[in-house]
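These are the residues of each chain, in order.
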Amino acid sequence: MPNQRLSVVVTRRLPDVVETRLKELFDVELREDDAPMRREEIAQAMRRADVLVPTLTDDIDATLLAQAGDRLKLIANYGAGVDHIDVHSARQRGILVANTPGVVTDDTADMAMALMLSVTRQIPQGLAKMQADTWRGWSPMANLGTRIGGKRLGILGMGRIGQAVARRARAFGMQVHYHNRRRLRAEVEDALEATWWESLDQMVARMDVISINCPHTPSTFHLMNARRLKLLKPSAVIINTSRGEVIDENALTRGLRAGEIAGAGLDVYERGHDINPRLRELPNVVLLPHMGSATLEGRIEMGEKVILNIKTFADGHRPPDQVLPGML
Ligand SMILES: O=CC(=O)O
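Everything numeric here is computed off the predicted structure, so don't read it as measured data.

Time to look at the sheet that holds strand β10 (residues 237-240). Reading across the sheet, the seven strands line up as β8-β7-β6-β9-β10-β11-β12 and stay open at both edges, with parallel pairing between neighbours. For this open sheet the edge positions go to β8 (194-196) and β12 (285-287), each flanked by a neighbour on one side alone. Neighbouring strand axes in the sheet, compared pairwise and without regard to direction, differ in orientation by 20° on average. As judged from the five bridges shared by strand β6 (residues 152-156) and strand β7 (residues 175-179), these two strands associate in the parallel manner. Residue pairing in the sheet places Ile155 in a bridge with Tyr178 of β7. Relative to β10, helix α5 (residues 105-120) is tilted by about 150°, and along the sheet it contacts β6, β9 (209-212), β10, β11 (263-266) and β12. The sheet strands contacting helix α11 (residues 249-257) are β10, β11 and β12, and the helix crosses β11 at an angle near 140°.

Quick look at the structure:
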């Protein structure tokens, strides 16, 4: 629909520069405060807007999509993961879905490394000591962590983010292994010096650190289930910067409590911010509030991607970051 100002509803507050640009280009409704919209508000928005810009805190399921009017043509998600959107239902209703891949890659990979080092080098424990003023000076046997250099890192999901983690891990001297539905092309694998495992079970059993970097889809739900978690070496550490649903959180908590897994660094949880309370009590766990992609630069670039997706659609083309059900 060229030469027409599209009506766009955005469900959360975004960086100022992004909101300003959206106002220049579209007939946009922005949020006054940052509270997530209620389901009913989203349903209403989907009846009056051409484009909805939701985020991962909005559950755009089939029931909600059934309430969308004929007007809604595009869901331009602010974020890379689209597991909160029923992409199949949207397609059946002729609603396009787009996301913001690429711009969250490096920030999320940085956070995976930060979590890995936090867990293995006990950084939060060191910080707590300093804050409690209980440090009484250097001692050879105090604050002993584990070295990551020379250790085996198993990356589960070798897409953009997995590969960015691999490059960082190589720079830290780790041996990189990965499991992915599809094996990487030989030259990509060689450049990353990464070893492919066809069997996830076999890889899991041999790694010192596991990093979860696959998206959450029906086939990755609880990929790290109780049985597989039991295959981990008791000295192994698990890092998750992807989606909580890939790990059975209760089984992980049990394994950590029982000493069957040495530690975990988690940025994401199975039930959003409703975290298994027992996880909080564990000393060998570093928990972060889903901040893997949280840099101002990244958030602005995500906004630029959303705008490009909407603008391209407004010009009568497919959004560059269209998500199709078959891609999941
Ligand atoms: O988790 C963040 C994203 O999906 O962009």
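Let us keep going from here.
Now for the domain arrangement of the protein. Domains assigned within the protein are domain 1 (7-102 + 295-327) and domain 2 (105-287). For domain 1 and domain 2, the distance between their C-alpha centres works out to 31 Å. Between domain 1 and domain 2, the residue contacts involve seven residues of the former and six residues of the latter. Taking both sides of the interface into account, the surface hidden between domain 1 and domain 2 amounts to around 540 Å²; carbon and sulfur atoms contribute 37%. Linking domain 1 to domain 2 there are one salt bridge. Our count for the contact surface shared by domain 1 and domain 2 stands at four residue pairs in polar contact (both at pLDDT 80 or more). Broken down by class, the residue content of the side of domain 1 that touches domain 2 amounts to two nonpolar, four polar and one charged.

Turning next to the nonpolar core. Within the largest apolar cluster, 28 residues are counted, with the highest numbers of intra-cluster contacts made by Ile212, Leu229, Ile238 and Leu252. Elements with a contribution of two residues or more to this core: α9 (200-206), β9, α11 and β11. Beyond its immediate stretch of four places on either side in the chain, Leu229 contacts Met224, Ile238, Ile247, Asp248, Ala251, Leu252 and Ile261. Core analysis: the next-biggest nonpolar cluster, separate from the first, contains 24 residues, Ala112, Leu153, Met158 and Ala164 among them.

What counts, and where the lines are drawn
Residues numbered from 1 in each chain as written. Predicted model: local features only at pLDDT ≥ 70, side-chain atom pairs only at ≥ 80, totals over all residues. Heavy atoms only, no water. Pairing = 2+ DSSP bridges. Helix = DSSP H or I, 4+ residues; strand = E, 2+ residues; numbered from the N terminus. Axes fitted to C-alpha atoms, helices over the stretch in contact; angles between N-to-C directions. Contact = heavy atoms within 4.5 Å. Domains from an automatic or database assignment. Buried area = accessible area lost by both parts, 1.4 Å probe. Salt bridge = Lys/Arg side-chain N within 4 Å of Asp/Glu carboxyl O. Polar contact = N/O pair within 3.5 Å; in protein donor to acceptor, adjacent residues only side chain to side chain. Nonpolar A, V, L, I, M, F, W, Y, C, P; charged D, E, K, R; others polar. Core = buried A, V, L, I, M, F, W, Y, C linked by side-chain atoms within 4.5 Å. Buried < 20%, exposed > 50% of the residue type's maximum accessible area, 1.4 Å probe, protein only.

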